Structure formats: structure tokens, C-alpha cells
Amino acid sequence: MAEPTTAATDLLTLPPGEAAAAAAEEVFVFPASSGQRRLWFIDGLEPGSPLYNIPLALRLTGGLDEPALEAALGAIVRRHEALRTTFGVEADEPVQVVSPPGAFRLPRADLAGLPPAVRGEEARRLAAREAGRPFDLARGPLLRAGLLRLGGALPQHHLLLTLHHIAADGWSLGVLGRELAALYGAFRSGRPAALPELPIQYADFAAGQRERLEGGLRERQMGWWRAQLGDAPRLLELPLARPRPAARSHRAVRAVLPLAPAAAAALRELCHREEVTPFMALFAAFQALLFRATGQRDLVVGTPIANRGAAESEGLIGLFVNTLALRTRLDGDPSFRVLLRQVRETAVAAYAHQDLPFEELVEELAPERSLSHNPLVQAVFGLGDGAGTAPELAGLVVEPLAAEHGTVKFDLALTVEEGAGGLVARFDGSADLYDATPLARLLRAFATLLGAALADPGRRLSELPLWDAALAHQTLVEWNDTAAAPPDAASALELFARAAARAPEAPALLAPEVATYGALDRWSDRLARRLRALGVGEETRVAVAMEHSPARAAALLAVWKAGGAYVSLDPADPAERRAFQLADCGAPLLLVAAGCRGEAPAGVRVLEVEASADGAGEAPPAGTDAALPPLPDGDRLAYVIYTSGSTGRPKGVEVPHRGLLNLVAWHQRAYGVTAADRATQLAGVGFDASVWELWPYLAAGAAVAIPPAEVRADPPRLVPWLAEQGVTLTFLPTALAELALAEPWPAGTPLRALLVGGDRLHAPPRPGLPFRVVNHYGPTECSVVATAGMVEPAPAGAGAAPPPPIGRPIDNTRLVLVDAGGQAVPPGVPGEGWLGGSGLARGYLGRPDLTAERFVPDPFSGEPGARLYRSGDLLRRLPEGGVEFLGRIDHQVKVRGFRIELGEIEVALAALPGVHQVAVMVRDRRLVAY
């Protein structure tokens, strides 16, 4: 027999036309099967894609009889029509074109002459290239083979086989392996092949399938599946590492994990005791993982089924496999044992209706199609036995080699195989959605959950652990190790007093008139004495409805000096909102700017705050000689600020001086604040960000500049104003910051950090900005800021980037992510953010029931009396410890305004009634509720 040998670079490339030489002889044309039609259609949509390649690579060690191997492969091709099939078109439908048997050639490449260090790498490169090389369905062949000679003292070869899925499936590999072993052994010993004749060919199966379905089976089974899946969710919200792209690339990432040695035995014992199969038990564990990882209680997960019910089909190579979409409902947090029973019932019923091709079910249910994900099923589970892929060839040691084309069909595919060493679990995930580390952690979570479920199937799903002790310690302890020493002061007021004593002539506020520290100190002293004379004492709540100004800062300081706590109201709010807040907070006194008396409910006294620091031209007000109490301690109430009310009526959040002081101290350390700094105050006075903008700087002796109203929300004017004012640190609400970052920044701007927060930052800043951009997150209930992280610029030419993370917990702050069952979740799994630490508020003013509901005992720290605030925000830990913000859990956000996004057109919109801030953003031609 001639020995065709090719150069390595031309491996498996036969001379043009040789593969189709038999086409001149008589061919047979048959209708395509349902599965073949689907793959033919996909191939037309994505020509050249290796997505449906089935590669198999084997290491053959020993004396290989190459002619016998070539003859055995040729006999298999002659024996199975599916391997001699190409595809044509008749009446716009694909048809099978079966060619008669022809000569089979096994291309070889001799790598033995390469240096040993290069030889193995070249073999791997050629295997990967061959696994990913596309097929031409119209010309064939649909089985490619090649042999690599690697030489060595004990001869070694690599056999590379690649089939297109339209001609074969996983079961087919077992058939191919068994027949290759039998035929190679026969030809090697000079015996004739001893395989029995095949009773049918694949085209017979396709015709039989069509006849059965058209005979009423289709309608009966379709009705059953429609009842099962008609109202099922169409998208499984998997715990993705990055946002789902508009169109999939099918690139794959893989994680492999050998399970604990005892897992196989425990699985067999459980299956015997609970009367389920290993498939059912492992599928149930996968469902439990998805339930815990997504929070969804209605899951649809696919599984491949051999679909070879007829005995005569078991020995065929061809595309028989079908996909079953198994639906599981997990209402009521069942135990794993209850889930096992449900999976058993669902699977048995689905097996009885397995004849309906999955592609026809998809067409019938007609879910909304998207290029970003598969219809109906995005996650699949398969159980393999590891057999059939490494045939026993006479005189050779045969070992399977990794042969991957680097693609994946679904978002997430779990495969569990049982081999000689026990169970091995493998995740194949979409590289569009996962990185290797998050995928590996999710696989570890599956292994941990499975082990716990096998040990105690009576446990509820919410109680099954998702992580081992090492990962739990890292996440709950190490990543919450934020302890930092507090300053040697009890309040921000004490730090302000020290700054005023150090440099009384230093500017404190610029609006644009300058108020010095000494003047502000005297001003607030005088006003505090008036407040004392009017009855303000320890923790008396005093409402302050004033715009940003030196007078407002003096009023806030005065309330503290008098022993009280200020309640910040926005004078621009609708009258009904301010009236509600005044009545709700119970403040006996309302401070307003001079000349702005306004109205107040009965029992509330209105006091105008003098308009200048020195009170020039005014007679000393009555009561300015009253004595002031000692400075407040950390437990005393500092301020009350109201939430927006977007999820119900506004709530007054009570923040003690300790929480505010922690914010001040962290901010000063994080950003190196000194008396030389100049900051800004732009956030509305009704927002908690206004607290953050003011006190870290007045507690350090720095200056705070207040922009004119016409500049504050106009990025083209705001950016040069920041440079003109010499601003070194500024906070901008996210929507305003995104617009400002797109502006040209003046050369030499002194700004060293732009702080962002209050909403989700959509994208990283552009490269080349002369300052840092830092993202922040924090509910009002946690003293404004709970996490912070620097945002790296988007790499040039990188395309669309995911929203930047919100950083890590700040000093003396704890963050635990918790699922619906109250269990902490590991990195990569979304959960509600529960926050605690020094910044935690007391609770909600006058609402003890709501306080008890949202401020709960900390079950994770072990510290007596520790509490956590249930934020209602869906967050996710990243592999390195950072945190992503995913959205609100309750989805009950009231529409507060609209954002119109029309490409380059910027549209400012008025607030709806009751709204005290509107953000403007232009992006992607969309209208977005905001």
C-alpha cells in the first residue's frame, strides 16, 4: 500500500478534488433529518465556524501498523453512509447526498526529525489547528483523519480524527472506537474484518423519524412539551463574570475539577437509597447550584439524550442526539431529597416524550430570538462514563489527548465523567461571559454543594454550602479586614474646631465670597447660643432648609454646637415633600436663609440665619450669650437625612457622629486631604453626598468652593471653572461625571482625583486624563460611602467595556453578600449586600419596625451586638475581592425622570414632582427611565 506523507504545514490537506472523486459515480439523495437541517442552517449562518466540530486525538505508543490503521479507517467510512454524506439543496431544503465508497487515504506528517523540545509543541499546534479547521458540508468529507509520527525509542504516533456533528454525535465516537479496534486487529493479523452487517443506515433512521412524527407523534409530544414549557422563563440569569454581549463569539473557557475520592461511592449509595440514577442526582445538584447562584426558582436546563431507542440504531455513526429541556420549580426552598424526587419525575416524563426534535420545540414555542444567547436553554448538563474515546488497539498503548477547537455552544455546560480515578467535573463556559478564575470558583461551589447534598439530602437548598472553609475565610474575614484606627477626636465638629484654632484666617468656604475658618467659627458660635436660648438641647432635631452657602455651613455647625442634630431639607423640593419631612422629623425649629421665611406647620418656629459672618450692621441677637454644651461624643445623633422615597415614602435616616467621623477619617486618609486642598460642593442639599462633600474638608482646614447655579450642571462650563478655582478634589454625581469626563480638560489642571458615586458608572474613563477617577457606592444608611475603588481607563481600541466595579469596603466597614435564604454567597455569585461597621446608621427615625427589618444582627462576624444593614442592592464579589453593582433586588424603583439619549444631542429634562435631582445622559439612542 502506498504511503502518502505530507509536510507538517499541509497535514490533512488532500489534493483538490480527491475527496470528491467518487462523486462521478452513482449517488443517492435522501431528505435530511431534523437535526441535520438545524446544523445545515447554522452552518449557513456561520460558515467556517468550528462550533460543531467533534475532535478526537489519541496517543499511540508501540509498533503501529500504519497500513492496517489506514485500512481500518477506510473500512469504517465504507461501512457508515453518514461518513460518505455531503449536503445539497432541493426545493430550498437540505438533502443528504450519499456517495459510494471510494479510496481512503490517511495523511501523515513526520515530526521525528524535529528537536525534542519542539516536537511536542508542534504536535499540539497541529492538533489544535485540525480540531478548529472548518468543514465544507457541500463537498465533504465529514470525517478527517491524520497521523503524526513523533518517533522515540518506543515509537509514538498521534492519531487525529475530526468529525462534523452533522454526521456524528458523542455515542458515535464509542461506535467508531469499537469498530476501529476490531478492524485494526483483523487487518494487522491478516484476518478479514469480522463485523456484522449494519441492519440500517442513517438515512433509514431519518426517514423513519419523519414517518413517526407525521403519523401523529409530533402533535402528541408537542402538546406535552407545550404544557411543560409554554410559560417557562426564557432566560436563565447565570452568575456571569461580564455583561452579555449583543452577539456571541462562541469562544470557550474551561475549568476541570476532580471530585473528592469518596464522591463516587457516596453518589452510588444515595442513588440506591433514594431510587434515582446518577444522572438524576448530579442534575439535581446542578439545579441546586443554579438556584443558589441565580436566585431563580423556575429553571430550564438542557441535557443531551442519545435518542437511540431502536436497537438497530445502536451500532450506527450519525446524528441521533436530541436535547431535552427539563424544567424545575423550586418554590418553598425544598430539601435536596424533595428536589431529587421532582427531577426523577420530570426526567422520566421527558424521556417518554424524547422523540420530538428540540429544534422543532424551539420553533413552536417561538421565544424571542437573540444573538446574545441560545433560545430556551442556556445551560446544559451531561453525564459521561469516559468510555469509547480510547479504543484498545492490538499491540499499542492508547491514551486520549486533549483536542479542543476552543468553542462552546451554550453559556454554561457541566459534564461529569466517571473514570478510573473517580468523578471528574468540567465546566465549559462562554469566554464572552466568564474568565477562568470565576468559572473555576463556580465549579468549586458545585463540588462543595454536591458533597453536602450527598452527605445529608434532607438539608434545604438554601442551607447547602457553596464554598469551602478557605474561600469562606478569605471572603468573610480577609476581605473584610478593614480595621483602621479612629482619629483622636469624637466628632467632625471637634476636628473643625482644631482647624479653626490653627488657622483662623484660612479660607473655609468660597461662594464666591470668602468665609474664613475664624469667621465661620464665630458665626456658628453666635447662632448656637441663639439656638440654645430657643430650647435646642441634646439631640434636638433642627431642620435646615438652605442652599449651599457659608450661612448654611454656619447653621449646621451651630446645631451641633448647641447639642442638636440637623435635618437637611432642600428648599427646592416641592412644598408637600418638605411639609412631610418637617412633620415626620418632629423638629421644633426650621432654619432658613435671610429673607426666605417660607411656611412651616403649626408648632415649628422659623428662624432666619444672618447673611454675613461678622453680622455687620445688625444688633446682637437676643440669646447670643447663652452657654454652649461640651462637644458631642460619637454616640450622639449628628444628622437626619431623608431617602428619595423611590421605593416608598421617604425615610429619615439617623446617623450618629461616629458614623460621620469614620467617613471623614477614611476620606482624609484615602485622598491625602490637607489644609492646602480645595474641594467643591455640588450635590443637592437633600442628598447624603452633600455631607461627604463638606465635612472631610472642613475637618482638615481645607477650602470648599461652591459653584454658581448656572455652572453646577453644565459640564462645558463646570470643567474650566474647576481649573480656574484650583480644585484638587471634587465629587460629581455619576451622570454629571460621565458628561464632564467627555469634556476637554485644561492643561495643567490641579485636579488629582475625580470622585464618582450615586449611580452606576456605565464605562471607564478615556485614557490620558490628568487625574484619577474613583468610583464609590454606599447607601444613606451607611454614612454615605461604603465601598471605593479606582477606575482604570479603558484601553485604547478595546471596544465596549463593562461597567466599572464599585471597589472594596472602606475603613471599618463590613460587606457580606447574602442570598434569599440568608446564606453568604461566594465570589462570582450575586447576592444582596449587607453592610456593617462604624458607618452604620442608628436606623430610621420613628420607624422601629422598619429599622428591625432592615438593620439585622450580624450572623457572620461573631461580635456581640454587631449589626448589618440589608441594602436591597444586588452585588457580586469579583475574584480579586472587588465588588460589582448589578441593580436593585426589589425592582420597585419609581420613575423619577427620564433620560433621552439621541446620539450626540444632549437634552436636559425637568424633574417630576417630588424629585430633587435629575441626571442628564446621552447614549446609544435610547429613552431610559432614570
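For the structure, see preceding data.
Quick look at the structure, then. (Residues numbered from 1 in each chain as written. Predicted model: local features only at pLDDT ≥ 70, side-chain atom pairs only at ≥ 80, totals over all residues. Heavy atoms only, no water.)

Here's the deal with the pairing of strand β4 (residues 85–90)
Now for step 1: Pairing between β4 and strand β5 (residues 93–98): six bridges, direction antiparallel. Bridge pairing links Glu 90 to Glu 93 in β5. (Pairing = 2+ DSSP bridges. Helix = DSSP H or I, 4+ residues; strand = E, 2+ residues; numbered from the N terminus.)

What about helix α20 (residues 734–741)?
Now for step 1: A large share of α20 lies buried, amounting to eight of its eight residues.
Now for step 2: Inspection of α20 places Thr 734, Ala 735, Leu 736, Ala 737, Glu 738, Leu 739, Ala 740 and Leu 741 among the buried residues, and these make up the whole buried set.
Now for step 3: Of the surrounding elements, those touching the buried residues of α20 are α18 (709–712), α19 (715–724), β26 (729–733), β27 (753–757) and β28 (772–777). (Buried < 20%, exposed > 50% of the residue type's maximum accessible area, 1.4 Å probe, protein only. Contact = heavy atoms within 4.5 Å.)

Digging into the sheet that holds strand β25 (residues 703–705)
Now for step 1: The strand order across the open sheet built from four strands is β17-β16-β25-β24, with neighbouring strands paired in mixed fashion. Each edge of the sheet is formed by a strand with only one pairing partner; in this case those strands are β17 (514–516) and β24 (678–680). Each strand of the sheet is rotated relative to its neighbour by a mean of 25°, with strand direction disregarded.
Now for step 2: Across three bridges, the pairing between strand β16 (residues 507–510) and β17 is antiparallel. The residue of β17 that forms the bridge with Pro 507 is Thr 516. (Axes fitted to C-alpha atoms, helices over the stretch in contact; angles between N-to-C directions.)

Describing the pattern of salt bridges
Now for step 1: If you walk through the whole model with that rule in mind, you get 41 salt bridges.
Now for step 2: When the shortest N-O distance is used, the salt bridge between Asp 468 and Arg 444 registers 2.9 Å. Of this pair, Asp 468 sits in the loop between α10 (436–455) and α11 (469–476) while Arg 444 sits in helix α10, placing them 24 residues apart in sequence.
Now for step 3: Among the residues examined, Asp 468 registers a relative accessible area of 31% and is labelled partly exposed. (Salt bridge = Lys/Arg side-chain N within 4 Å of Asp/Glu carboxyl O.)

What to know about α10
Now for step 1: Between its first and last C-alpha, α10 extends 29 Å over 20 residues, near the 28 Å set by a 1.5 Å rise per residue.
Now for step 2: Inspection of α10 places Pro 438, Leu 439, Arg 441, Leu 442, Leu 443, Ala 445, Phe 446, Leu 449, Leu 450, Ala 452, Ala 453 and Leu 454 among the buried residues, and these make up the whole buried set. (Expected span 1.5 Å × (residues − 1).)

Thoughts on the packing of aromatic side chains
Now for step 1: Counting across every chain of the model gives 20 aromatic pairs.
Now for step 2: When the ring of Tyr 202 is compared with that of Phe 320, the centres are 5.2 Å apart and the planes differ by 85°; the resulting orientation is edge-to-face. Of this pair, Tyr 202 sits in helix α5 (residues 202–229) while Phe 320 sits in the loop between β10 (298–305) and β11 (322–329), and the two are 118 residues apart along the sequence. With respect to class, Tyr 202 is no different from Phe 320; both count as buried.
Now for step 3: Seen in terms of ring centroids, Tyr 566 and Tyr 639 are 5.7 Å apart; in terms of plane orientation they differ by 20°. Their pairing is stacked. Of this pair, Tyr 566 sits in strand β19 (residues 565–569) while Tyr 639 sits in strand β22 (residues 637–642), and the two are 73 residues apart along the sequence.
Now for step 4: Through a chain of ring-to-ring contacts, three or more aromatic side chains come together here, namely Phe 279, Phe 283, Phe 286, Phe 381 and Phe 427.
Now for step 5: It is Arg 144 that lies over the ring of Phe 135; its NZ or CZ is 3.9 Å from the centre.
Now for step 6: Cation over ring: Lys 651 sits above Tyr 844, and NZ or CZ is 5.6 Å from the ring centre. (Phe/Tyr/Trp six-rings, centres within 6.5 Å; stacked < 30°, edge-to-face > 60°. Lys NZ or Arg CZ within 6 Å of the ring centre and 35° of its normal.)

Some details on unusual backbone geometry
Now for step 1: Each neighbour pair has its own omega, and for Gly 140 with Pro 141 the value is -5°, a cis peptide bond.
Now for step 2: Structurally, Pro 141 can be placed in the loop between α3 (116–132) and β7 (143–151).
Now for step 3: With an omega of -5°, the peptide bond between Ala 511 and Pro 512 qualifies as cis.
Now for step 4: Here Pro 512 shows up in the loop between β16 and β17.
Now for step 5: At Asp 92, a position not held by glycine, the phi torsion is positive, near 65°.
Now for step 6: Its location among the elements puts Asp 92 in the loop between β4 and β5.
Now for step 7: Taking relative accessible area as the criterion, Asp 92 reaches 70% and is therefore assigned exposed.
Now for step 8: The backbone phi angle of Glu 275 is positive, close to 60°, even though this residue is not glycine.
Now for step 9: The residue Glu 275 is located in the loop between α6 (263–274) and α7 (278–294) in this model.

Re the sheet that holds β5
What holds strands together in a sheet is hydrogen bonding between their backbones, with the strands either parallel or antiparallel.
Now for step 1: In space, the three strands of this open sheet follow the order β2-β5-β4, with antiparallel pairing throughout. The sheet is open, and its two borders are formed by β2 (28–31) and β4, each paired with just one other strand. Across this sheet, the average inter-strand angle for adjacent strands is 40°, counted without regard to direction.
Now for step 2: When β2 meets β5, the two strands line up antiparallel, connected through four bridges. Bridge pairing links Val 29 to Val 97 in β5.
Now for step 3: Strand contacts of helix α1 (residues 34–45): β4 and β5, with the helix running at about 110° to β5, the strand carrying the most contacts.

Overview of the nonpolar core
Now for step 1: By size, the foremost hydrophobic cluster in this structure holds 168 residues, and its most contacted members are Phe 286, Phe 336, Phe 446, Leu 520, Leu 591 and Trp 695.
Now for step 2: No other element matches α7, which puts 13 residues into this core.
Now for step 3: Formed by 33 residues, the second largest nonpolar core is a distinct cluster that contains Ala 72, Leu 106, Val 175 and Ala 181. (Core = buried A, V, L, I, M, F, W, Y, C linked by side-chain atoms within 4.5 Å.)

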